[in-house]
Amino acid sequence: MVCLGNICRSPLAEGIMKQKLLKAGIAADVDSAGLLDFHSGSLPDKRSIATASKYGIDLTGQRARCITKDDFKKFDYIFAMDKKNYENLMEYAGHGEESRINLIMEFAGLGKKEVPDPYYGSTSDFENVYHLLDDACQRIVDKIKITTHLNLV
Ligand code: 4NP
């Protein structure tokens, strides 16, 4: 899960996705990172922590980090929160790694929509981000379940 600062959107995406995979009984390595190094080592934004906490998700174990070249090899799916993140990831990816990069809402079947940056916004912007990501992550987990099933039969 990748956004700009790795303190607002992608920590929420990481927390939501981990909770949904756990519920679905699917084992997967989920992590988040930012394109900026500015907030490295920081806790998620307190508004993200508070929003997640409302829905029973604890983000306080997370610390911001910057994406690395290794992430493009380690992770099968890299989800960008917005189009700018997507473009930056595409520029940074190594040869043949571009196919791993997806705009999260689009991959979830929700169109070329973005998860808007709530950093300069209000509590309701964080709430909106939560609901967009909750919907997207649920659809992605359902998609994984179907793909896994098809691979088995
Ligand atoms: P995020 O939000 O990309 O969702 O973590 C932001 C956090 C920090 C900044 C921008 C966006 N910033 O400019 O410091």
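Use the structure listed above.
Residues numbered from 1 in each chain as written. Predicted model: local features only at pLDDT ≥ 70, side-chain atom pairs only at ≥ 80, totals over all residues. Heavy atoms only, no water.

A. Quick look at the site of the ligand. Around the ligand, a shell composed of Cys3, Leu4, Gly5, Asn6, Ile7, Cys8, Arg9, His39, Asp117 and Tyr119 is seen. The separation between an oxygen atom of the ligand and a polar main-chain atom of Leu4 is 2.9 Å. His39 has a polar side-chain atom sitting 2.8 Å from an oxygen atom of the ligand. Taken together, the residues that form the shell around the ligand break down as 5 nonpolar, 3 polar and 2 charged. (Near = heavy atom within 4 Å. Polar contact = N/O pair within 3.5 Å; in protein donor to acceptor, adjacent residues only side chain to side chain. Nonpolar A, V, L, I, M, F, W, Y, C, P; charged D, E, K, R; others polar.)

B. Geometry of a nonpolar patch on the surface. On the surface, a cluster of nonpolar side chains totalling about 310 Å² of accessible area is made up of Leu4, Leu36 and Phe38. Residue placement: Phe38 occurs in the loop between strand 2 (33–34) and helix 2 (46–54). Look at Phe38 and you get exposed, because its relative accessible area is 69%. (Patch = residues over 30% accessible without salt bridge, like charges linked within 9 Å, V, L, I, M, F, W, Y side chains within 5 Å. Areas by Shrake-Rupley, 256 points an atom, 1.4 Å probe, with all protein chains shown as cover. Salt bridge = Lys/Arg side-chain N within 4 Å of Asp/Glu carboxyl O. Helix = DSSP H or I, 4+ residues; strand = E, 2+ residues; numbered from the N terminus. Buried < 20%, exposed > 50% of the residue type's maximum accessible area, 1.4 Å probe, protein only.)

C. Structural detail: helix 1 (residues 9–24). Helix length check: helix 1, at 16 residues, gives a terminal C-alpha distance of 22 Å against a target of 22 Å (1.5 Å per residue), a fit within 8%. All buried positions along helix 1 are accounted for by Arg9, Ser10, Pro11, Leu12, Ala13, Glu14, Gly15, Ile16, Met17, Lys20 and Leu21. Positive backbone phi, approximately 70 degrees, marks Gly25, located one or two places after helix 1. (Expected span 1.5 Å × (residues − 1).)

D. Structural detail: the nonpolar core. Counting residues in each nonpolar core, the largest one holds 27 residues, and the members touching the most others are Met1, Met17, Met81, Ile104 and Leu133. Elements represented by at least two residues in this core include exactly helix 1, helix 2, helix 5 (104–107) and helix 6 (123–152). For this core, the element with the most residues is helix 6, which contributes 8 residues. Dropping the residues within four chain positions of it, Leu133 is found in contact with Arg9, Leu12, Ala13, Ile16, Met81, Ile104 and Val115. The next biggest cluster of nonpolar side chains, apart from the first, holds 10 residues, and it includes Ala33, Ala80, Leu89 and Ile101. (Core = buried A, V, L, I, M, F, W, Y, C linked by side-chain atoms within 4.5 Å. Contact = heavy atoms within 4.5 Å.)

E. Molecular detail of the pattern of salt bridges. Counting across every chain of the model gives 13 salt bridges. Where Arg65 meets Asp31, a salt bridge forms, and the shortest distance between an N and an O atom there is 3.1 Å. Here the residue Arg65 occupies a position in the loop between helix 2 and helix 3 (71–74), and Asp31 occupies one in the loop between helix 1 and strand 2, the gap between them amounting to 34 residues. The exposure class of Asp31 is partly exposed, given its relative accessible area of 28%.

It is worth stressing that arrangement in space is one thing and function is another; only the former is reported here.
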